[in-house]
Amino acid sequence: MVKNLPPRTGQQYTIKHGDYEAVITELGATMRKVTYKGRNVIVPLGADDPVTCCHGQLLVPFPNRIEAGVYTFEGKTYELPIDEHDKNTAIHGYGYRSFWKLEALTEDSVTQSWRVPFLLGYPFDVVVTTTHQLTDDGLKITVEAYNNGDVDAPWALAIHPWLDNGFNGYGDEIDGHNAQCTLTVPARTHVTVDENLIPTGTEPVDGTKYDFREPRLLTEQPYDDAWTDVEHAADGTATATFHRPDGLTVHVGGDETITSFQVCTGTGFPAFKHPAGTAVEPQTAYANAFNTGKDLIAIKPGETSVTKLFIKAELD
């Protein structure tokens, strides 16, 4: 047996500021743990645990699904490996699978980078730099994608925090715990999907279980859905809010590049990989954007796409 190995998720970077503490891993620049005043803000993982359901991961160079793993960008067609065989899709990009290079580490921040390897299905030379920084105002996440190549690169991203519901439940009982939490998503439109969760169109949220413009209890699960036509505040930010019965409120969102939110309650997931909370994911584009072009970012050679995201907690 080989001894003194690092954890399965690689090096662990613990950062602290005020009432906040976070652990970011070398694998995928993943948020393994975020706490506020000692309470779990996201569902925590152990350093050697399998990262199921994209716990705390950064989804680049695309979030969610690409139908059949095939897309056409600027006249060329590319084929990606199928990750989700029951739905015949490529899902959540490749950044979470790789170990990221440490660029800088301070008491309250960590900066990591990843150069996309040469993938036949995504041959674009993109260098991604991510900074997680704790402040008085919570966790700030800055993602910069630089196109080091000589052709345009398709780009989209999301973060995938599973917001802890405060109950530490297991299996099917988690649905009942989530049902005691309220969610607000400032979006006017719900994305409809087919049986493979590939978008088929959109519909207004008015009068449906998808209207979260005001706080709404999560009593009508399941949810594994996207919302768009997001409302931004005067400062350009879009914020979803999750409130749980113990008085902890979590705000998740990002800057003007955030065009949608994905929410997943994990209803029906196998117990061993059902996180005790709800995923609330700010996205620059929702599923299948590499095919539809909807909200897709094309990074020109020598240019950088920047997205700023945040997670903030407060107690009643």
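Refer to the structure above for everything that follows.
A brief report on the enclosed structure follows.

Conventions and cut-offs
Residues numbered from 1 in each chain as written. Predicted model: local features only at pLDDT ≥ 70, side-chain atom pairs only at ≥ 80, totals over all residues. Heavy atoms only, no water. Pairing = 2+ DSSP bridges. Helix = DSSP H or I, 4+ residues; strand = E, 2+ residues; numbered from the N terminus. Salt bridge = Lys/Arg side-chain N within 4 Å of Asp/Glu carboxyl O. Buried < 20%, exposed > 50% of the residue type's maximum accessible area, 1.4 Å probe, protein only. Phe/Tyr/Trp six-rings, centres within 6.5 Å; stacked < 30°, edge-to-face > 60°. Lys NZ or Arg CZ within 6 Å of the ring centre and 35° of its normal.

## Focus: the sheet that holds strand S3 (residues 31-36)
Now for step 1: Strands sit in the order S1-S2-S3-S4 across an open sheet of four strands; the sheet is antiparallel. The strands lining the two open edges of the sheet, one partner per strand, are strand S1 (12-17) and strand S4 (39-40).
Now for step 2: Note that S1 and strand S2 (residues 20-25) share six bridges and pair antiparallel. Looking at the pairing, Lys16 lines up with Glu21 of S2.

## Considering the sheet that holds strand S22 (residues 238-243)
Now for step 1: Strand order in the open sheet formed by nine strands is S10-S11-S12-S13-S27-S23-S22-S17-S20, and the pairing between neighbours is antiparallel. The open sheet has two edge strands with one neighbour each: strand S10 (101-105) and strand S20 (216-217).
Now for step 2: In terms of strand pairing, strand S17 (residues 182-184) meets S22 through three bridges, oriented antiparallel. Paired with Leu183 across the two strands is Phe242, which belongs to S22.

## Notes on the pattern of salt bridges
Side chains that carry opposite charge are capable of pairing whenever their charged atoms lie near each other.
Now for step 1: According to the stated counting rule, one finds 14 salt bridges in the structure shown.
Now for step 2: We note a salt bridge from Glu231 to Arg188, for which the minimum N-O separation is 3.7 Å. Of this pair, Glu231 sits in the loop between strand S21 (224-230) and S22 while Arg188 sits in strand S18 (residues 187-193); the two residues are 43 residues apart in sequence, bridging distant segments of the chain.
Now for step 3: Its relative accessible area of 35% is what places Glu231 among the partly exposed residues.
Now for step 4: Residue Arg216 is joined to Glu220 by a salt bridge in which the shortest nitrogen-to-oxygen separation is 2.8 Å.
Now for step 5: Within this structure, Arg39, Asp164, Arg244 and Asp246 form a network of salt bridges that share partners.

## Quick notes on the packing of aromatic side chains
The way to describe two aromatic rings as a pair is by their centre distance and the angle between their planes.
Now for step 1: The full count for this structure, using the stated rule, is 15 aromatic pairs.
Now for step 2: Relative to Trp227, the ring of Tyr223 has its centre 6.3 Å away and its plane inclined at 40 degrees; by these criteria the two rings are tilted.
Now for step 3: The ring of Tyr223 carries the charged tip of Lys209 above its face, separated from the ring centre by 4.6 Å.
Now for step 4: Here Arg216 stacks its cationic end above the ring of Phe212, 5.9 Å away from the centre of that ring.

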